[in-house]
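# What the coordinates show
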Amino acid sequence: LGENADIVSLHELTARLSNELEETGMTNLFYDIELPLTEVLASMEVDGVLIDENGVRDFGVKLKSDLSSLEAEIFRLSGKEFNISSPKQLGDILFEELGLPSKKKTKTGYSTNAEVLEGLRGKHPIIELILQYRQLSKLNSTYVEGLLKVIGDDGRIHSNFKQTETRTGRISSTDPNMQNIPVRTELGKNMRRFFVAKGNNVLLDADYSQIELRILAAVCDDKTMQNAFISGQDIHTTTASQVFDMPIEMVTSSMRRAAKAVNFGIIYGIGAFSLSKDIGVSVAEADKYIKEYLEHYPNVSKYMDETVSFAVQNGYATTIFGRRRYIQELASSNKMLQAFGKRAAMNAPIQGSAADIIKIAMVRVFKKLKEEKLDARLILQVHDELIVEASEKDSKRAGEILQAEMENAIKLDVPLTAEVNVGRSWYDAKG
């Protein structure tokens, strides 16, 4: 048969895969979500997003100038010039020349990874400068130079969106990776200024509010958590009030911050050690927060235990829509791999369901914009956020569709909320 062998085998392969979808309960997931999504992603790839190329170049010039200033100051504090990007040379400067406390030296030299440098904060002014240097260097190489390399002849970037790359079902993207555009720092957020609308068009940006916590509240059927979302209370303030046994009006910003870290950490199976580092308290205090959280939200603890138990017995966890994540690590004899498997089992139904929901919203937004023949296109998806480019005349209706389809993608026991913002650039539209 030679080169025709694949074609001849196609019929049998199709039958086998159809049976497998049926047996695993994922037929609806495939036909109602994943298959219609292929057209949406193809359209997003073809349309792309317009980039302010001159703005990116100017930003790169500023970053290089800032990097030069940082480099000069680092050299002054260290007393000599060296390659800041070389872990070996940096290790020698920090731990031998400057005598900073180090972990044991290995054959390859001292570790200077992010965790090590974070641990040295406050021990010497050079540390803060090196952390800044790394951040700016990453921004310049990955995002400035990276973006400039992939701008098409039409002035737009056409990212490749992938449906099957992640184990949780989330969409990923490459050339460039849109999911990794930095948002934590003001400087990183500035990258969004260079994603712009064409001519008189505008960008509409809608982001799900706390979708994973809302899914958790719904699937574990915890009434206290559900009531906070239904009544429109701030979930982190409500949690702080429960954990610290305080009236809501007496919750401080530091209490809310701790509660927020616990709320999001619980979804990822966070332990006391990790939480203590996140919020700057002792391990014993962090352990107390987690225990009190689970006491006040008992259904969360019960749900997590049942989810892990199901995954251990069956080898996989499932989302609301039946998507399976197979977790081989649960069967490992290695305790660290087992612990990873348990965290993955807790997280997969929540993060995977959020991924499924935004995919449903994308399919519906795409279809509705087309049906109503609006001059508007879905052009980007980043985590829990969708971005539509629309003409000014159709922007109001396109925004209504975007919000309605996101908020009604699924009916849960708690409302899904998505707020739409409008702007000439992604930065402006992010609000």
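Residues numbered from 1 in each chain as written. Predicted model: local features only at pLDDT ≥ 70, side-chain atom pairs only at ≥ 80, totals over all residues. Heavy atoms only, no water.

To continue, consider the sheet that holds strand E5 (residues 195-196). Here we have three strands laid out as an open sheet, ordered E2-E1-E5, and antiparallel in their pairing. The open sheet has two edge strands, strand E2 (156-157) and E5, and neither has a second partner. (Pairing = 2+ DSSP bridges. Helix = DSSP H or I, 4+ residues; strand = E, 2+ residues; numbered from the N terminus.)

The next point concerns the nonpolar core. Of all hydrophobic cores here, the largest spans 125 residues; its most connected members are Tyr 208 and Leu 216. What Tyr 208 contacts, discounting residues up to four positions off in sequence, is Ile 357, Ile 358, Ala 361, Asp 384, Met 406, Glu 407, Ala 409, Leu 416, Thr 417 and Ala 418. (Core = buried A, V, L, I, M, F, W, Y, C linked by side-chain atoms within 4.5 Å. Buried < 20%, exposed > 50% of the residue type's maximum accessible area, 1.4 Å probe, protein only. Contact = heavy atoms within 4.5 Å.)

Next up on the list: the side chain of Thr 24. By the element assignment, Thr 24 lies in the loop between helix H1 (5-23) and helix H2 (27-47). Side-chain polar atoms of Thr 24 contact the backbone oxygen of Leu 21, separated by 3.3 Å. Not counting the four nearest positions on each side in its chain, Thr 24 is found in contact with Gly 322, Arg 324 and Tyr 326. (Polar contact = N/O pair within 3.5 Å; in protein donor to acceptor, adjacent residues only side chain to side chain.)

Within the secondary structure, Glu 306 sits in helix H14 (residues 298-314). With 40 residues separating them along the chain, Glu 306 and Met 346 place their C-alpha atoms 9.2 Å apart.

Across the sheet, four strands lie side by side as E9-E10-E6-E11; this open sheet has antiparallel pairing. Only two strands of the sheet have a single partner each, and these edge strands are strand E9 (376-382) and strand E11 (418-423). Taking each pair of neighbouring strands and ignoring which way they run, the sheet shows an average axis angle of 20°. Bridge analysis of E9 against strand E10 (residues 385-390) gives six bridges, and the strand direction is antiparallel. Among the inter-strand pairings, Arg 377 is bridged to a residue of E10, identified as Glu 389. (Axes fitted to C-alpha atoms, helices over the stretch in contact; angles between N-to-C directions.)

Across the protein chain, pLDDT averages 91, with 99% of residues at or above 70. Confidence, expressed as mean pLDDT per element, reaches its minimum in the protein chain at helix H7 (residues 186-189) with 82 and its maximum at helix H16 (residues 392-407) with 98. (pLDDT = per-residue confidence, 0-100.)

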